[in-house]
Each structure stands twice: as C-alpha cells, then as structure tokens.
Amino acid sequence: MCMKIKYLFISLTFVFLIACSQKIKKAEIQNVPEILEDWHSFDNDFFSIRYPRNWEKQRGPEGTVFCILSTPSSPVDTFRENVNLVIEELTKEITLDRYAALSLKNIGNKYKVTDERKYAANGQEYYYLKLKERDGIFLEQNYFIKGKRAYILTFTYEPQEQESVKTDGDKIMKSFRLK
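Note that the coordinates shown come from a computational prediction; the quantities given were computed from them, not determined experimentally.

1. Things to note about the packing of aromatic side chains
Working step 1: Taken as a whole, this structure holds 12 aromatic pairs when the rule is applied.
Working step 2: Arranged with centres 5.6 Å apart and planes meeting at 35 degrees, the rings of Tyr-119 and Tyr-126 form a pair that is tilted.
Working step 3: Overall, Tyr-126 belongs to the buried group, its relative accessible area being 5%.
Working step 4: Note on Tyr-151 and Phe-176: the rings are 6.4 Å apart at their centroids and 50 degrees apart in plane angle, and the pair reads as tilted. Here the residue Tyr-151 occupies a position in strand 10 (residues 149–157), and Phe-176 occupies one in the loop between helix 3 (162–175) and strand 11 (177–178), the gap between them amounting to 25 residues.
Working step 5: Take Tyr-151: its relative accessible area is 3%, and that puts it in the buried class.
Working step 6: Grouped by ring-pair contacts, the aromatic residues Phe-42, Phe-47, Phe-66, Tyr-119, Tyr-126, Tyr-128, Phe-144, Tyr-151 and Phe-176 constitute a single cluster.
Working step 7: Positioned above the aromatic ring of Phe-138 is the side chain of Lys-130, whose terminal nitrogen or guanidinium carbon lies 5.0 Å from the ring centre.

Shown next, in the form of structure tokens:
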C-alpha cells in the first residue's frame, strides 16, 4: 500500500510540474542589433536607453518618463513615431508572465494583438506585444519587471512610415537596459 502511495505521489508531482511548466512561456533568446556609437544615451539610476541623433528626447506627458520622437518624414507629417516609457509601481511583486497576462486582459477591444512572445536579451527577460489600433496605428510594447516595478516601453508608428523608422525604432527598443 505504501509503495502505491509513493508511486501515486511521484506521478502526481510529475503531472503537476508538466502542467505548470506549460503555462509559463519560455523566453526566446533575441539577438541585439549593433547600436551606433554616435547615438545619444539616456541613463538614470534604474535604466539606460540609446537613440539616434536625428530623434528627439522630450519629457513625456504625465505618467510617462520620456518620449523619444522621430524626425517628421515631411512638412505635412503630423504624427511623429515615438518610443516612450511608463513605469508602473506595483503593490506587490509579480512574475513577468502574470503581468503580461493581466495586461492582455486589460487591452480590450481598442487593440488587436498581432504578436506576443517572451524574450531574453542581455541577461534580462521581457514580454513583447505587437498591437494594432482600430485606426491602423501600430504599437510594439516590451514589459520588464524588476521588484515592485513594471517598465512598459512602447514604440508607436504609422504603417506607411514603417520602412523609414522601423529599423531605428527596433534598435531603440532593444537598447533599453534595466540596472
């Protein structure tokens, strides 16, 4: 009888571990592009980020740490593609997977999720989402968790500007480092 309980316990433990491991997405290793040395650098006690000289860093709107804006593509270009950072103070520590799941639940009908993955680059994990607004604007978000803080880095661009700014926007996003 004792042997049967032992095997049952081992079997249940194995099934439990498999079930739990399937809920946690494994991080894909992502190659980090080469960032040019003549790029600007913005550093503080919590993070660093790099951006091209032809992009402009500004204070973001309330709740946003910074906003890095692309150069307008023409004199009539009214939308500037941008990368911005929001830091959310959490009430308790949670996992990156849990934060991403909660964020996906809160997105609602305003956005269509076109891609989602978990990555690891430069020793840090982050969750990537690609979203499309109803008006056609694309957002790419990277979620980072450190302690009781969530860092939400967002790249926003118009589809028609994708080719001209996408490469630099991606490099800016991938240059972000938590300290």
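2. Thoughts on the side chain of Thr-64
Working step 1: Residue position: Thr-64 is located in the loop between strand 4 (56–58) and strand 5 (66–69).
Working step 2: We classify Thr-64 as buried; its relative accessible area is 17%.
Working step 3: If sequence neighbours within four positions are ignored, Thr-64 has contacts with Asn-84, Leu-85 and Val-86.

3. Let's talk about the side chain of Glu-81
Working step 1: Topologically, Glu-81 is positioned in the loop between strand 5 and strand 6 (82–89).
Working step 2: Although Glu-81 is buried, it makes no salt bridge; Arg-80 carries the closest opposite charge, 7.4 Å away.
Working step 3: A distance of 3.4 Å separates a polar side-chain atom of Glu-81 from the backbone nitrogen of Glu-158.
Working step 4: The contacts of Glu-81, once residues within four sequence positions are left out, are Trp-55, Ile-68, Leu-69, Ser-70, Phe-155, Thr-156, Tyr-157, Glu-158, Glu-161 and Val-165.

4. Quick look at the pairing of strand 9 (residues 138–146)
Working step 1: For strand 9, the tally of buried residues reaches seven of nine residues, placing the bulk of the element in the interior.
Working step 2: Between the end of strand 8 (residues 124–133) and the start of strand 9, which pair antiparallel, lie four residues, with Gly-136 showing a positive phi angle near 100 degrees.

So, how was this worked out
Residues numbered from 1 in each chain as written. Predicted model: local features only at pLDDT ≥ 70, side-chain atom pairs only at ≥ 80, totals over all residues. Heavy atoms only, no water. Phe/Tyr/Trp six-rings, centres within 6.5 Å; stacked < 30°, edge-to-face > 60°. Buried < 20%, exposed > 50% of the residue type's maximum accessible area, 1.4 Å probe, protein only. Helix = DSSP H or I, 4+ residues; strand = E, 2+ residues; numbered from the N terminus. Lys NZ or Arg CZ within 6 Å of the ring centre and 35° of its normal. Contact = heavy atoms within 4.5 Å. Lys, Arg positive; Asp, Glu negative; His and termini not counted. Salt bridge = Lys/Arg side-chain N within 4 Å of Asp/Glu carboxyl O. Polar contact = N/O pair within 3.5 Å; in protein donor to acceptor, adjacent residues only side chain to side chain. Pairing = 2+ DSSP bridges.

Functional significance is not addressed by these values, which are geometric in nature.
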